[in-house]
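# Descriptive analysis of the structure
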Amino acid sequence: MSQEEYRMPEAVSYLNSPKGWKSWLFTLDHKRIGMMYLLLTMVFFAVGGIFALLVRYELLTPAPTFAANTYNKMFTMHGAIMVFMFIIPIIPAALGNFFLPLQIGAKDVAFPRLNLASYYIFIGGALLAVLAILLGGVDTGWTFYTPYSIKTATAATLVTLGVFVMGFSSILTGLNFIVTIHKLRAPGMTFHRMPLFLWAIYATAIIQVLATPVIGITTVLLVMERVLHIGFFDPAIGGDPVLFQHFFWFYSHPAVYIMILPGMGIVSEVITVFSRKQIFGYRAVAYSSLAIAFISFIVWGHHMFVSGQSELANLLFSLLTMLVAIPTAIKVVNWTATLYRGSIRLGTPMLYALAFLFLFTIGGLTGLFLAALSVDVHLHDTYFVVAHFHYVMMGGTVMGLLAGLHYWWPKMFGRMYPETWAKVSWGFVFVGFNVTFLPQFMLGRLGMPRRYHEYAPHFAGLNQLSTVGSWMLGVGFLIMFTYFLWSLKRGAFAPANPWGGKTLEWQTASPPPTENFHQTPTVTAGPYEYGLKAMGT
């Protein structure tokens, strides 16, 4: 079938019905809300990326380029924006909102008004953080460690309040998704016929609901201490700074899995579709998502090996941290087994999925070094930690996100992107990422501390290589932004199912109609049963 046969410019879809900007601002359609999340979080990604480029520019030479305090604000804003305003919300709130109801055969989420309210709550929190930037920024680092965050004269109160408000958005979104999955599945859609992306979103939602209140309470206590001088964390007025670390990491380590689990879900979708093969060990992959969510609540202490906690606590947290490698390894092994003897197509989504597999494995394995007590003492607060974190978060979550964006772009917008330019962009992103962060493992091993704006001259070569890599990454993302924008107007019209997927979102038009399906689908098979009929009838 030629692309012209797919041309249906006048077709009614969620994009053009109803019309007008008010219909978008007050929409209850999960797809439109997902699109608004996507646009907003990508703007924050661009802002956070600019701060990252500035940080790497500062580190191009051993001598300082910016003032020390300016550098402190740049890496703080880079971290805070990327973590709280981009990487935590983007996959659940944007792609999850868009595809969760589609993949279970529902017309919308369980609470559409609550969904829209979550979006505007997120905007409210983000505005507080943006206001903090306009008022001079914050210099605490994205972890807001006390007692410095209590005493700094920068706008730490506004940023932490912003995190507090955005937390409500995360909790409400998670609650909405849990209820939606339990109550709105199409006839025949049992839990074991759900796509693995939804298992990942379900596990993520559990963490969002249970862990996020802890960071909310922590930020409130921090604000109370800054404003009312009540001693929670400052030892000078009877507080305990280590208590802040316990609270912060009790949320923030599970938050790592809020970020990575949805990316894992996307990779499960892409690998099986682009291998034309049923995923190996469906139930093992699905239950691993829940196991990771559970274990994530009992490993926070490994961030505090050098904080003075007891040897017994250190030993237990070290062992528990290594435990999380088991369900993670199950996923990696099952994805690899799915590739074995598959009919593999190296489309752009698959290239990003393979990049995830390669880079996330490096990130995971280097995490074992940090889980080992004796090694962590040497590597703590060095560039090794920065490299490990970015291999997990960017090499994992962002690569998963890019796999999902390229995989579902035709469904979301009804347009194809230019495959050649997409692969060129992938090349820049993959090579640029490794050139940026591989040298940082070596810098950390050699003892270069993180968050320093000037450094010893013998670290210059590796830092310069890392900075060049960041420029390659920037070029890759610029190419990507250009062809995505181009495709919205000039891309070929997308068929309903361009990749041959078996899950329900591919059984409706591209882009989908407002009500998702003209008739409620009935599910008669699993989501990846190649060789059988599609799952919906």
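Our structure's up above, just so we're on the same page.
In this text the structure is predicted, and so the values were computed from the model without any measurement. (Residues numbered from 1 in each chain as written. Predicted model: local features only at pLDDT ≥ 70, side-chain atom pairs only at ≥ 80, totals over all residues. Heavy atoms only, no water.)

### A word on a nonpolar patch on the surface
This is how the line gets drawn: Patches here: salt-bridge-free residues with over 30% relative accessible area, like charges joined within 9 Å, nonpolar side chains (Val, Leu, Ile, Met, Phe, Trp, Tyr) joined within 5 Å. To be clear on the numbers: accessible area is Shrake-Rupley with a 1.4 Å probe, and residue cover counts the displayed protein chains and nothing else. Salt bridges are counted wherever a side-chain nitrogen of Lys or Arg sits within 4 Å of a carboxyl oxygen of Asp or Glu. Only DSSP runs of H or I covering at least 4 residues are called helices, and only runs of E covering at least 2 are called strands; the numbering of each starts at the N terminus. Residue exposure (1.4 Å probe, protein chains only): buried if accessible area is under 20% of the type maximum, exposed if over 50%, otherwise partly exposed.
Residues Trp21, Leu25, Phe26 and Tyr120 make up a contiguous nonpolar surface patch of about 470 Å² in total accessible area. Tracing the backbone through its elements, the reader meets Tyr120 in helix 5 (residues 112-134). Here Tyr120 falls in the partly exposed class, since its relative accessible area comes to 33%.

### Some words on empty space enclosed by the protein
The following threshold applies: Here a cavity denotes grid points, spaced 1 Å and computed from the protein atoms alone, that fit a 1.4 Å probe unable to get out, and a pocket denotes an open set having protein on both sides within 12 Å along at least 5 of 7 lines; residues with an atom within 4 Å of a point are the lining. Grid points are joined across faces, edges and corners, and a volume is the space filled by probe spheres set on the points. All amino acids are sorted into three groups, where Ala, Val, Leu, Ile, Met, Phe, Trp, Tyr, Cys and Pro are nonpolar, Asp, Glu, Lys and Arg are charged, and the leftover types, Gly among them, are polar.
Counted under the stated rule, the structure contains two cavities of 30 Å³ or more. Phe84, Ile88, Pro89, Met166 and Ser170 are the residues nearest the centre of the largest cavity, which is lined by 17 residues in total. A per-element tally of the lining of the largest cavity places helix 7 (residues 156-183) first, with six residues. Split by residue class, the lining of the largest cavity holds 11 nonpolar, six polar and no charged. Looking at the second largest cavity, its volume works out to about 40 Å³. Broken down by secondary-structure element, the contributors of at least two residues to the lining of the second largest cavity are helix 3 (68-87) and helix 7. In terms of residues, the lining of the second largest cavity owes the most to one element, helix 3, which gives five residues. For the lining of the second largest cavity, the residue count by class is nine nonpolar, no polar and no charged.

### Concerning the side chain of Thr382
Counted only if it meets this: For the purposes of these results, a polar contact is taken to be a pair of N or O atoms within 3.5 Å, where, inside protein, one atom must be able to donate a hydrogen and its partner to accept one; residues adjacent in sequence count only when each atom of the pair is a side-chain atom. Note on contacts: a residue pair is in contact if any heavy atoms of the two residues lie within 4.5 Å.
Relative to the elements of secondary structure, Thr382 occurs in the loop between helix 14 (373-379) and helix 15 (383-413). Judged by its relative accessible area of 5%, Thr382 is buried. Only 2.7 Å separates the side chain of Thr382 from the backbone oxygen of Leu379, close enough to count as a polar contact. With near-sequence residues (within four places) excluded, Thr382 lies in contact with Gly444, Met448, Pro449 and Arg450.

### Describing helix 11 (residues 311-323)
Selection criterion: Working rule for helices: expected span equals 1.5 Å times residues minus one. Of all possible arcs, the one meant is that of the directions from the helix axis to the C-beta atoms.
Relative to the 18 Å expected for 13 residues at 1.5 Å per residue, helix 11 spans 19 Å between its end C-alpha atoms, a close match to the ideal helical length. All buried positions along helix 11 are accounted for by Ala313, Asn314, Phe317, Ser318 and Thr321. All buried residues of helix 11 fall inside an arc of 135° around its axis, so they share one side. Facing away from the buried side of helix 11 by over 90 degrees, the exposed positions are Glu311, Leu312 and Leu319.

### Some points on the environment of Phe384
With respect to the secondary-structure elements, Phe384 resides in helix 15. The class of Phe384 is buried, set by a relative accessible area of 8%. Put simply, Phe384 and Gly447 are 63 residues apart on the chain and 8.6 Å apart in space, counted from C-alpha to C-alpha. With sequence-adjacent residues up to four places away left out, Phe384 is seen in contact with Thr366, Phe369, Leu370, Leu379, Gln440, Phe441 and Gly444.

### Describing the pattern of salt bridges
Counted according to the given criterion, the structure contains two salt bridges. For Lys31, the salt bridge identified is with Asp29, shortest N-O distance 3.1 Å. Using a relative accessible area of 9% as the deciding quantity, one classes Asp29 as buried. One salt bridge connects Asp381 with Arg450, and the closest N-O pair in it is separated by 2.9 Å. Taken together, the residues span a long stretch of sequence, with Asp381 in the loop between helix 14 and helix 15 and Arg450 in the loop between helix 16 (419-445) and helix 17 (460-490) at a distance of 69 residues.

### Regarding the packing of aromatic side chains
Selection criterion: Any two of the Phe, Tyr and Trp rings considered here, Trp counted by its six-membered ring, make a pair once their centres fall within 6.5 Å; the pair's planes then place it as stacked at under 30 degrees, edge-to-face at over 60, or tilted in between. In this scheme, Lys NZ or Arg CZ marks a charge over a ring once it lies within 6 Å of the ring centre and within 35 degrees of the ring normal.
What the rule picks out here adds up to 49 aromatic pairs. With a centroid separation of 5.6 Å and an interplanar angle of 80°, the aromatic rings of Trp335 and Phe356 are classed as edge-to-face. Of this pair, Trp335 sits in helix 12 (residues 325-339) while Phe356 sits in helix 13 (residues 348-371); the two residues are 21 residues apart in sequence, bridging distant segments of the chain. With relative accessibility at 0%, the residue Trp335 sits in the buried group. Judged by its relative accessible area of 0%, Phe356 is buried. Here Phe433 and Phe437 contribute two aromatic rings whose centre-to-centre distance is 5.0 Å and whose plane-to-plane angle is 45°, an arrangement assigned as tilted. Of this pair, Phe433 and Phe437 both sit in helix 16, separated by four residues, roughly a single helical turn. With a relative accessible area of 7%, Phe437 lands in the buried category. Following the ring pairs from residue to residue traces out a cluster consisting of Phe84, Trp142, Phe144, Tyr145, Phe232, Phe233, Phe244, Phe247, Phe248, Trp249 and Phe389. One cation-aromatic arrangement involves Arg415 over Phe493; the distance from NZ or CZ to the ring centre is 4.0 Å.

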